[in-house]
Amino acid sequence: MALVETVRGPVDVAALGTTLMHEHVFVLNEEVRQNYPAGWNEDDRVDDAISKLNALARRGCQTIADPTVLGLGRDIGRIKRVAAGTDLNIIVATGLYTYNELPLYFRFRFPHSDGRDPMTDMFVTDITDGIADTGVKAAFLKCAIDDQGMTPGVERVLRAVARAHAQTGAPITVHTHPHSGTGRDVLRVLKEEGTDLTKVVLGHSGDSTDLGYLTELADAGCLLGMDRFGLDLITSFEDRIGTVAALCERGYAESMVLSHDASCYIDWFAPEAIPMFAPAWHYEHIFDQVLPALAERGVTAAHIQAMLVDNPRRYFSGS
Ligand SMILES: [Zn+2]
């Protein structure tokens, strides 16, 4: 029996069930929140998260993977309070989210002369011993590359993530910017690091409709994160659906996972703005609109089972 760590402790991967592979609970700038607390009520926000996750659970979702790491305001104490109010499994991550430079904390903590990076040790500790004093262990690794490409800071984080993966077996999720082809840059570095590419989700691949690019990455062994359903401003609903359906038709259902990249609360935007610019960007959109639309395009129940259940289970097996 393979086990995966969740906020409430280890769970048999066979019991993960329907899994959304990229959903945040909270995305916050903690320094801003602590210094400008107007508008933030901790109890209200925790209660709101519990009610949104319970609504998602009622739609048949059993697990979310939350890739909120340093740079996105990770606070596992807060997530534990949320997890205590819902039956949904929440899998948390370790890693660092930057599109370019490192936080100064890391900039002046250089890799050791033997090449070992203290950043890697921090990630490994989160996976093997637990995060801070919460008793919660991270079960996957997260980093990012965006339209600025493979900057020195981004490359250092990616290699630290790859080495933490090599030491622990924990799988990897990378925020990519497919419109600048950064999935290819990620693969180049991960191949140099000897990473098992079947344990890698190239996040936000679903922002692309370029089947040549997507099949190239899938053929390398990666999972494609079709994980921004509801962010239709970037890529339209029709394009997102059409791309997943076309890839299923070509035999790539085993190479995709589905999600929204939504949050219960994200401080990047004024709360009232989100329903205006992205009304479908919430946890239930896949169940309400996406799955019926995929079925209309010929995506079968077996394809859906692969993308929502079997592929996540395989990704988290053996970590
Ligand atoms: Zn995200």
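Residues numbered from 1 in each chain as written. Predicted model: local features only at pLDDT ≥ 70, side-chain atom pairs only at ≥ 80, totals over all residues. Heavy atoms only, no water.

Asker: What exactly am I supposed to notice about the sheet that holds strand S6 (residues 89-95) here?
Answerer: Within a sheet, neighbouring strands are paired by backbone hydrogen bonds and run either parallel or antiparallel to one another. What the eight strands build is an open sheet, ordered S3-S5-S6-S7-S8-S9-S10-S11; its pairing is parallel. The open sheet terminates on both sides in strands that have one partner only, identified here as strand S3 (19-20) and strand S11 (256-258). Bridge analysis of strand S10 (residues 223-226) against S11 gives three bridges, and the strand direction is parallel. By the bridge assignment, Leu 224 is partnered in S11 with Met 256. Packed onto the sheet, helix H9 (residues 237-249) meets S10 and S11 and runs at close to 150° relative to S10. (Pairing = 2+ DSSP bridges. Helix = DSSP H or I, 4+ residues; strand = E, 2+ residues; numbered from the N terminus. Contact = heavy atoms within 4.5 Å. Axes fitted to C-alpha atoms, helices over the stretch in contact; angles between N-to-C directions.)

Asker: Could you clarify how one ought to interpret the packing of H9 against helix H11 (residues 285-296) in this entry?
Answerer: Relative orientation and spacing of two packed helices are given, respectively, by the angle between their axes and the distance between those axes. Packing of H9 against H11 brings their axes to within 10 Å, and their N-to-C directions diverge by 55°. Taken together, the axes of H9 and H11 lie oblique to each other. The element H9 and its partner H11 pack so that their crossing is right-handed. Taken together, the residues of H11 that come into contact with H9 (itself represented by Phe 237, Ile 241, Val 244 and Ala 245) are His 285, Gln 289, Val 290, Ala 293 and Leu 294. Of the residues that constitute the contact of H9 with H11, the class distribution is seven nonpolar, two polar and no charged. (Parallel < 35°, antiparallel > 145°, perpendicular 65-115°, else oblique. Left-handed = near helix turned anticlockwise from the far one by under 90°. Nonpolar A, V, L, I, M, F, W, Y, C, P; charged D, E, K, R; others polar.)

Asker: Just to check I follow, could you spell out helix H2 (residues 42-58) for this structure?
Answerer: Think of an α-helix as 3.6 residues a turn; residues three or four steps apart then line up on the same face. Between its first and last C-alpha atoms H2 spans 24 Å; for 17 residues at 1.5 Å apiece the expected length is 24 Å, and the two agree. The set of residues buried in H2 consists of Arg 45, Val 46, Asp 48, Ala 49, Ile 50, Leu 53, Ala 55 and Leu 56. Of the residues flanking the start of H2, the one acting as N-cap is Asn 41, its side-chain oxygen 3.1 Å from the backbone nitrogen of Asp 43. Positive backbone phi, approximately 105°, marks Gly 60, located one or two places after H2. (Expected span 1.5 Å × (residues − 1). Buried < 20%, exposed > 50% of the residue type's maximum accessible area, 1.4 Å probe, protein only. Polar contact = N/O pair within 3.5 Å; in protein donor to acceptor, adjacent residues only side chain to side chain.)

Asker: What's the story with the coordination of the zinc ion in this structure? I'm lost.
Answerer: In this structure, His 22 (NE2), His 24 (NE2) and Asp 261 (OD) serve as the protein donors to the zinc ion, at separations of 2.1 to 2.2 Å. Motif for the zinc ion, donor spacing along one chain: H-x1-H-x236-D. Highlighted residues: His 22 in the loop between S3 and strand S4 (26-27) and Asp 261 in the loop between S11 and strand S12 (265-266), separated in sequence by 239 residues. On the basis of relative accessible area, His 22 is assigned to the buried category, the value being 2%. (Donors = N, O, S within 2.8 Å, 3.2 Å for Na, K, Ca; no water.)

Asker: What am I meant to see in the side chain of Asp 146 here?
Answerer: The topology assignment puts Asp 146 in the loop between strand S7 (140-144) and helix H6 (152-168). Side chain to side chain, Asp 146 and His 175 meet in a polar contact 2.7 Å long. Once residues within four sequence positions are removed from consideration, Asp 146 is found in contact with Tyr 99, His 175, His 177, Ser 180 and Thr 182.

Asker: Sorry if this is basic, but what is going on with the pattern of salt bridges here?
Answerer: Considering all chains together, one arrives at 26 salt bridges under this definition. Between Asp 43 and Arg 81 there is a salt bridge; the shortest N-O distance is 3.0 Å. One end of the pair, Asp 43, is in helix H2; the other, Arg 81, is in helix H3 (residues 76-83), with 38 residues separating them in the sequence. With a relative accessible area of 38%, Arg 81 lands in the partly exposed category. Residue Arg 188 is joined to Glu 192 by a salt bridge in which the shortest nitrogen-to-oxygen separation is 3.7 Å. Residue Arg 188 and its partner Glu 192 are located together in helix H7 (residues 182-192), separated by four residues, close to a single helical turn. (Salt bridge = Lys/Arg side-chain N within 4 Å of Asp/Glu carboxyl O.)

Asker: Is there a simple way to think about the nonpolar core in this case?
Answerer: In summary, soluble globular proteins display a tendency toward joint burial of nonpolar side chains. Among the nonpolar cores identified, the biggest contains 111 residues, and Val 25, Leu 53 and Phe 316 are the most heavily contacted of them. Those residues in contact with Phe 316 that lie beyond four places of it in its chain are Leu 3, Val 4, Val 13, Leu 16, Met 21, Ala 65, Ile 91, Ala 139, Phe 140 and Pro 171. (Core = buried A, V, L, I, M, F, W, Y, C linked by side-chain atoms within 4.5 Å.)

Asker: Please clarify how the pairing of strand S9 (residues 200-203) should be interpreted in this entry.
Answerer: Remark: a regular strand shows side chains that alternate across the two faces of the sheet. Burial along S9 is two-sided: Val 200 and Leu 202 facing one way and Val 201 and Gly 203 facing the other are all buried. Summarising the sheet, strand S8 (residues 172-175) and S9 pair through four bridges and their orientation is parallel. Along S9, the bridge assignment pairs Ile 172 with Val 200. Between the parallel elements S8 and S9, the chain passes through H7 in a crossover that is right-handed. Here S9 runs beside S10; their pairing, made up of two bridges, is parallel. The partner of Leu 202 across the bridge, within S10, is Leu 224. With helix H8 (residues 211-219) bridging S9 and its parallel neighbour S10, the resulting β-α-β unit is right-handed. (Right-handed = clockwise from strand over helix to strand, strands pointing away.)

These figures come from the coordinates and say nothing about function on their own.
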